[in-house]
Amino acid sequence: MAKILCVLYPDPVTGYPPQYAREDIPEISAYPNGQMAPTPEGEPGFSPGELIGCVSGELGLRSWAHANGHELIVTSDKEGIDSVFERHLADAEVVISQPFWPAYLSQERIARATKLKLALTAGIGSDHVDLKAAAEHGITVAEVTFSNSISVAEHVIMTALTLVRNFAPSHQIALNGGWNIADCVSRSYDIEGMQFGTLGAGRIGLAVLRRMKPFDTPLHYFDPHRLPEEVERELDLTYHDSPESLVGACDIVNVQTPLYPSTEGFINDALLSKFKRGAYLVNTARGGLCDLKAVVRALESGQLAGYGGDVWFPQPAPVDHPWRRMPNHAMTPHISGTSLSAQTRYAAGTLEILQNFFAGRPLRQEYLIVDAGHLAGAGANAYQL
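Residues numbered from 1 in each chain as written. Predicted model: local features only at pLDDT ≥ 70, side-chain atom pairs only at ≥ 80, totals over all residues. Heavy atoms only, no water.

Caption draft 1: Summary view of the sheet that holds strand β9 (residues 252-255). In space, the seven strands of this open sheet follow the order β8-β7-β6-β9-β10-β11-β12, with parallel pairing throughout. In this open sheet, the two strands that pair with only one neighbour each are β8 (237-239) and β12 (329-331). With direction set aside, neighbouring strand axes in the sheet form an average angle of 20 degrees. Pairing geometry for strand β6 (residues 196-199) and strand β7 (residues 219-222), over four bridges, is parallel. (Pairing = 2+ DSSP bridges. Helix = DSSP H or I, 4+ residues; strand = E, 2+ residues; numbered from the N terminus. Axes fitted to C-alpha atoms, helices over the stretch in contact; angles between N-to-C directions.)

Structure follows, in C-alpha cells:
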C-alpha cells in the first residue's frame, strides 16, 4: 500500500456537485500533433464533464485507490507547518498537485519527503516543483502533457478579444443598468490587421497562432527553438531572434514562455519600455514571468493598453494583490487549463501515469519531466536544472 497525497482546489462555495450546464462533452482521442489522449486501463472513476478537479471530485481516483489498496489523502490545505499537506508529506510516496492550486515542492519540502518517489502534475507545468532537488533525490516528475494545452490557447484568444474590444467594462455597464455606448467604445478596437506575436511557440503558443490566423492578423513569434519552415510558410509567420524585436513590432503580445530561473521576471520595466505604446499583453503561462509592479506601472502610464490572463504569483493570489486593482486588466483566477473538458483529460492522464508507475511500467516519454536524476521526455525541451 502506498500513500498518495493529492492537493486540489476547494469545492464550489455553493456546494458540491454543481448544477451542470451540459450533459456531455466532445470526446477527444488525439491532439493536433498526433499524440494520443490518455488511455488508462478500465473505467475511470468519473463521467466526462464532471467537476473532478476540486477536493470532492478527487480526480476520480477514490475507487481506483481503494481497489488497489492505496491510501488516498485529498486536501486543499497546503500552506504552513500545520497544514494537512505538511502532516502527510513525510510518508507520502506520491504527491499530486495542479498548477491552479499548486503545492509547492521546495528543496526543503523535498528533503523532508523521504519516501517520495513521484511528483505528478494533474495538468501541464511543473515549475511548482524544485526540479533540481527532485533530480538529486531520485524523484520522478511527470505531467499530463498536452491534456489542457488547447484549453489554454482558447483562453488566450478570449482574453485578447476581451481586452481589445473593451468587453469587461462594457459588460459591467450593462450589469449596472447603463447604456453608456460612448464610454464603452472609447477604448474598443478591432483585432483585424493588428500585429500579433507570441513569446514561446511550443504546444500552446503554436495553437494560439493557428487560432489567430483566421482573424487576418499578421503573426510573429520568438522561440529559442525555431519552428519548421513549412509551419512558418503555412501560417505566414515572422520569426524574431529576440523578445525585444518581437514586442517592438506587435500590438498584442502573448506570453507562453516556460518559467525557470533565467526567465523569472523577464517582462520588466526595460522590456515593457520596448513595447509599442498602447499594446496589449496576455499571460497564461506563469505569473512569475512578469515583474509584478512593472506591469502595474505600464498600465497606469498607458504604455500598456491592457493586461490579461489567469496566472499570478503566488497562487492563490492574496486579496490585496495589486493586479486585482490595476487599470484596464482582464484577470481571472487560474482557470484556463481546468475547464470541465480539460479535467476529463488530465484526470484520465493522472490515472494512466499512476497505473503504469505502480505496475513498474515505463511512463510515456511525453509525460516525463525528471527521471533517473535528469531532465527527461518533455522536460528536456521545456525546463532547465
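Having seen the structure, we can now continue with the description.
Caption draft 2: Structural context of the nonpolar core. Core analysis: the biggest nonpolar cluster contains 58 residues, and Leu59, Ile96 and Leu105 have the highest contact counts within it. If near-sequence neighbours (up to four positions away) are discounted, Ile96 is found in contact with Ile4, Leu5, Cys6, Val7, Leu59, Leu61, Leu120, Ala122, Thr350 and Leu354. By size, the runner-up hydrophobic cluster in this structure holds 33 residues, among which are Ile124, Ile157, Leu219 and Ala330. (Core = buried A, V, L, I, M, F, W, Y, C linked by side-chain atoms within 4.5 Å. Buried < 20%, exposed > 50% of the residue type's maximum accessible area, 1.4 Å probe, protein only. Contact = heavy atoms within 4.5 Å.)

Caption draft 3: Structural view of unusual backbone geometry. With an omega of -5 degrees, the peptide bond between Phe313 and Pro314 qualifies as cis. Between Gln315 and Pro316 the backbone carries a cis peptide bond, its omega angle lying at -5 degrees. Assignment of secondary structure puts Pro316 in the loop between β11 (304-309) and β12. The phi angle at Leu59 is positive, at roughly 55 degrees, despite the residue not being glycine. Within the secondary structure layout, Leu59 lies in the loop between β1 (3-7) and α1 (62-67). Although it is not a glycine, Asn166 adopts a positive phi angle of roughly 55 degrees. Along the chain, Asn166 turns up in the loop between α5 (149-164) and α6 (167-175).

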